[in-house]
Amino acid sequence: MNSTPRKGNVAWQSPSNIALVKYWGKHGRQLPSNPSISFTLSKAVTKTRINYAFDAVRRDDIKVDFRFHGSENIAFKTKIEKFLNSVKEEFDFLSFLNLEISSENSFPHSSGIASSASSMSALALCLLDIEKELNNAEQIDFVKASHLSRLGSGSASRSVFGPLAVWGKSKSVADSSNEFAIPFTGAYKPIFETFHDDILIVSKAEKSVSSTAGHALMIDNPYAQSRFNQAGGHLTEIITAMETGDLEKFGNIVEKEALTLHALMMASDPPYILMTPATLSIINKIWSFRRNENIPVYFTLDAGPNIHLLYPEAYAEKVQSLIESVKEYCEDGMIISDKVGQGPIRL
Ligand code: PMV
């Protein structure tokens, strides 16, 4: 490593993302059991700043100073330290750094939106920016940032690229890999970059079964293998739908993916349900609105009860009446209006 600079600061803003074809089930060291594709979002972001100092003494146990929205947060600090210690063999420079990290989310902390994709990718980008500075390199290595993000949280690997990112090996996507995500560069119609994602917050509560536990339950899920095959097929099909601009096909796959994800949870041992009656009421409202109005508006779900309402910009005005009609199912009427975005920004 070059001798200059020995200290400095870096800051990155990184977005959340919403999977269209879902990653559910993993093996080895955070390797996905099937490929996935996502829209990168633009408003739900984490901003992370790091003051760093490099010294020649290797730390056996990496400790950080951490602030979340200006205050101490022991749970997040512990998570970050655990993550850094778990990757220090692969990313040797981390053991020589003194780190003061501060982070904030653009979305309310208790909104039921998982922040691991935006926070882990913002952290990884900062760390690789530090490595770049220490090496006097020209450019940050985004693929390496995606790899490091993945080790923190699988879906975070996709947040490094926008507006669409693919993670997981697929014969339909050249250069795709299980180790990191890549930007999706296939020929898709511009309408897909105009998509809104209105997140209808059905519940702000932390979910009863974490994603980590959910992934683990896929190991003994009797439907696992056929699910992994299905996801691979869905990726190929959705790519064709985006290439031809077939919104109906696109929406059909996206909704099947969401419901399959939750069906897998219900078919786990022990079984569990993360959707609530409000989730189902909203889904039925979306379906009847779509039927009656003939408007391409679709939903997807994360591993939780909240609905992501997806529709192209051209229909934003018309979708307003649907949004008004489902507000009553949202906790405190909370809706986070997001859109497809271009990816992380260096601050
Ligand atoms: O990245 P994790 O371990 O939080 O898992 C995310 C899983 C889903 O959000 C349900 C699907 C996905 O591909 O993002």
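Summarised in this report is the structure supplied together with it. (Residues numbered from 1 in each chain as written. Predicted model: local features only at pLDDT ≥ 70, side-chain atom pairs only at ≥ 80, totals over all residues. Heavy atoms only, no water.)

**Some remarks on the site of the ligand**
Looking at the ligand, there are 13 residues lining it, with Tyr23, Ser153, Ser155, Arg158 and His215 nearest. One of the side-chain nitrogen or oxygen atoms of Ser153 is found 3.2 Å away from an oxygen atom of the ligand. Between His215 and the ligand, the recorded distance is 3.0 Å, taken from a side-chain N or O atom to an oxygen atom. Starting from 380 Å² of accessible surface for the ligand in isolation, the protein chains cover 90%. (Near = heavy atom within 4 Å. Polar contact = N/O pair within 3.5 Å; in protein donor to acceptor, adjacent residues only side chain to side chain. Areas by Shrake-Rupley, 256 points an atom, 1.4 Å probe, with all protein chains shown as cover.)

**Observations concerning the layout of surface pockets**
Space inside the second largest pocket adds up to approximately 210 Å³. At the level of elements, α7 (247-266) and α8 (277-293) are the ones that each hand at least two residues to the lining of the second largest pocket. The dominant element in the lining of the second largest pocket, judged by the number of residues it contributes, is α7, at 4 residues. In terms of residue class, the lining of the second largest pocket is built from 4 nonpolar, 2 polar and 4 charged. (1 Å grid on protein atoms, 1.4 Å probe; cavity = no way out; pocket = protein on both sides within 12 Å on 5 of 7 lines; lining within 4 Å. Points joined across faces, edges and corners; volume = space filled by probe spheres on them. Helix = DSSP H or I, 4+ residues; strand = E, 2+ residues; numbered from the N terminus. Nonpolar A, V, L, I, M, F, W, Y, C, P; charged D, E, K, R; others polar.)

**Points about the packing of helix α1 (residues 74-87) against helix α2 (residues 116-134)**
Their axes nearest at 12 Å, the elements α1 and α2 cross at an angle of 55°. As far as their axial angle goes, α2 and α1 are oblique. As α1 packs across α2, the resulting crossing turns out to be right-handed. Touching Lys79, Ile80, Phe83 and Leu84 of α1 are Ser116, Met120, Leu123 and Leu127, all from α2. In terms of residue class, the contact of α1 with α2 is made up of 6 nonpolar, 1 polar and 1 charged. (Axes fitted to C-alpha atoms, helices over the stretch in contact; angles between N-to-C directions. Parallel < 35°, antiparallel > 145°, perpendicular 65-115°, else oblique. Left-handed = near helix turned anticlockwise from the far one by under 90°. Contact = heavy atoms within 4.5 Å.)

**What about α2?**
Between its first and last C-alpha, α2 extends 27 Å over 19 residues, near the 27 Å set by a 1.5 Å rise per residue. α2 sits mainly inside the fold: 17 of its 19 residues count as buried. Trailing α2 by a residue or two, Asn136 shows a phi angle of about 50°, which is positive. (Expected span 1.5 Å × (residues − 1). Buried < 20%, exposed > 50% of the residue type's maximum accessible area, 1.4 Å probe, protein only.)

**Focus on the pairing of strand β5 (residues 64-68)**
The alternating pattern of β5 places Val64, Phe66 and Phe68 on a buried face and Asp65 and Arg67 on a face that is not buried. Across 5 bridges, the pairing between β5 and strand β7 (residues 97-105) is parallel. Considered in β7, the bridge of Phe66 is made with Ile101. Strand direction decides the pairing type here: β5 and strand β6 (residues 71-72), joined by 2 bridges, are antiparallel. Along β6, the bridge assignment pairs Arg67 with Glu72. A loop of 2 residues connects β5 with β6, the two strands running antiparallel in sequence, and His69 in this loop sits at a positive phi of about 50°. (Pairing = 2+ DSSP bridges.)

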